[in-house]
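Now for the letters of each chain:
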Amino acid sequence: MSYFAELKKSAEYVRSLLKEQPEIGVVLGSGLGDFAELLEERLAIPYAEIPGFPVSTVKGHKGNLVFGKVYGKKVAVMQGRFHLYEGYPVERVVFGVRTLGLLGVKVMVITNAAGGISENLRPGDLMVIKDHINMAGENPAAGEETPELGPRFFDMTYAYDGELRERAQRAFEEAGLEYKEGVYAFMRGPSYETPAEIRMLKTIGADAVGMSTVPEVIAARQMGIRVLGISCITNMAAGILEKPLSHAEVLDVSERVKGKFVEVLGRIISEI
Ligand code: HPA
């Protein structure tokens, strides 16, 4: 079966279980799975039941596509995502986002955990992504041309939608949170970066670094979906502080920040 046929099958399966078409897609990063519990009129579909869907292997990532309402908005939430570092090919990493695109989602809010590079960031901060740098050498739009998924060559100048960022800023202000924006650098992982790599990323203009989001954003933009990206800064990147990085720290900080992240995410969705 072709990749596009697999995607269509996935979307058809999910559509057959839904009463209403979702408007807004949400991808939840590490530790944010709880957001999906807030949905009203909830329907959770385990990834394992959806044809073609990979199953997430990362601790702290559940594997459900959850549909429901938040502030009256019809949302589709990916509770758990797929990463290049899990060994999936890039087209499988974006399978969920493309399924949501085929279901008719027009806006996606994509979240992640990231290491802070800029001195304006501290662990526990939320950073709205204004642009990205793809350092992984992978692009989900590469390969056979599939017009149904969008054009081969497409603009990335406005990948992180200005109007959505303004709405996010309002939501941050209402929640009493300082609004920060920055450039997200995508590394393949799963090893964290070296201090020399972080110095390089800082030099080329990155404010934060992580191992997700960019393939999803590219796939979404190819389909014409508007994107808002938000990073939870869980640690300072390698070499910025005199200490080693640990996944335990990343999980610990995302656990602490979860409450405010879930709150602001709800407010943002109410504004979209
Ligand atoms: N580097 C890459 N990915 C990450 C980090 C980091 O420091 N923190 C959380 N995800």
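Preceding this section is the structure that the text describes.
Residues numbered from 1 in each chain as written. Predicted model: local features only at pLDDT ≥ 70, side-chain atom pairs only at ≥ 80, totals over all residues. Heavy atoms only, no water.

S.K.: Please provide a residue-by-residue account of the overall build of the chain, values included.
M.R.: If you tally the helices and strands in the chain, you get seven helices and nine strands. Taking 2.2 N^0.38 as the reference for a compact globule, 272 residues should give roughly 19 Å; the C-alpha atoms of the chain span a radius of gyration of 17 Å, in line with that estimate. For the chain, the C-alpha atoms occupy an extent of roughly 55 × 40 × 35 Å along the three principal directions. Relative to its full complement of 272 residues, the chain shows a buried share of 56%. Summarising the internal contacts of the chain: among those between residues at least 6 apart in sequence, 83% fall at separations of at least 24. Of the roughly 11600 Å² of accessible surface on the chain, a fraction of 50% belongs to carbon and sulfur atoms. Computing the positive centroid from 31 side-chain charges and the negative centroid from 36, the chain places the two 2 Å apart. (Helix = DSSP H or I, 4+ residues; strand = E, 2+ residues; numbered from the N terminus. Rg over C-alpha atoms; globule rule 2.2 N^0.38 Å. Buried < 20%, exposed > 50% of the residue type's maximum accessible area, 1.4 Å probe, protein only. Contact = heavy atoms within 4.5 Å. Areas by Shrake-Rupley, 256 points an atom, 1.4 Å probe, with all protein chains shown as cover. Lys, Arg positive; Asp, Glu negative; His and termini not counted. Charge placed at Lys NZ, Arg CZ, Asp CG, Glu CD.)

S.K.: Could you give me a rundown of the environment of Leu32, with the residues and numbers involved?
M.R.: Along the chain, Leu32 turns up in the loop between β1 (24–28) and β2 (40–46). The buried category is assigned to Leu32, whose relative accessible area is 3%. Once the C-alpha coordinates of Leu32 and Ala113 are considered, the two residues, 81 residues apart in sequence, prove to be 9.4 Å apart.

S.K.: Before we move on, can you summarise the side chain of Glu86 with the specific residues and values?
M.R.: Position of Glu86 among the secondary structure elements: in the loop between β4 (73–79) and α2 (90–93). Of the side chains with opposite charge, Arg81 comes closest to the buried, unpaired Glu86, at an N-O distance of 7.9 Å. A distance of 2.8 Å separates a polar atom in the side chain of Glu86 from the backbone nitrogen of His83. (Salt bridge = Lys/Arg side-chain N within 4 Å of Asp/Glu carboxyl O. Polar contact = N/O pair within 3.5 Å; in protein donor to acceptor, adjacent residues only side chain to side chain.)

S.K.: Let's hear about the site of the ligand: which residues, and what values?
M.R.: Every residue close to the ligand is listed here: Ala113, Ala114, Gly115, Tyr192, Glu193, Val209, Gly210, Met211, Thr234, Asn235, Leu245 and Val250. At 3.3 Å, a backbone N or O of Gly115 approaches a nitrogen atom of the ligand. Within the side chain of Glu193, one N or O atom sits 2.7 Å away from a nitrogen atom of the ligand. Considered on its own, the ligand offers 260 Å² of accessible surface; in the complex 95% of this is hidden by protein. If you list the elements that add at least two residues to the shell around the ligand, you get β5 (107–116), β8 (208–210) and β9 (226–236). With three residues, the top contributor of residues to the shell around the ligand is β5. (Near = heavy atom within 4 Å.)

S.K.: Go over the pattern of salt bridges with me, naming the residues and quoting the values.
M.R.: Side chains that differ in sign of charge can pair as their charged atoms come close. For the structure on display, the rule yields 17 salt bridges. The salt bridge partner of Arg81 is Glu216, with a shortest N-O separation of 2.8 Å. Taken as a pair, Arg81 in the loop between β4 and α2 and Glu216 in helix α6 (residues 214–222) lie far apart in primary sequence, 135 residues in all. The exposure classification of Arg81 matches that of Glu216, with both residues buried.

S.K.: Could you give me a rundown of the packing of aromatic side chains, with the residues and numbers involved?
M.R.: Inspection of the entire model under this criterion finds seven aromatic pairs. Ring centres of Tyr47 and Phe82 lie 5.3 Å apart, and the angle between their planes is 50 degrees; this geometry places the pair in the tilted category. Residue Tyr47 is found in the loop between β2 and β3 (64–70), and its partner Phe82 is found in the loop between β4 and α2; the two are separated by 35 residues along the sequence. The same class applies to Tyr47 as to Phe82, namely buried. In textbook terms, an aromatic cluster arises when at least three aromatic residues are bridged by ring pairs, as seen for Tyr3, Tyr47, Phe53, Phe82, Tyr88 and Phe95. (Phe/Tyr/Trp six-rings, centres within 6.5 Å; stacked < 30°, edge-to-face > 60°.)

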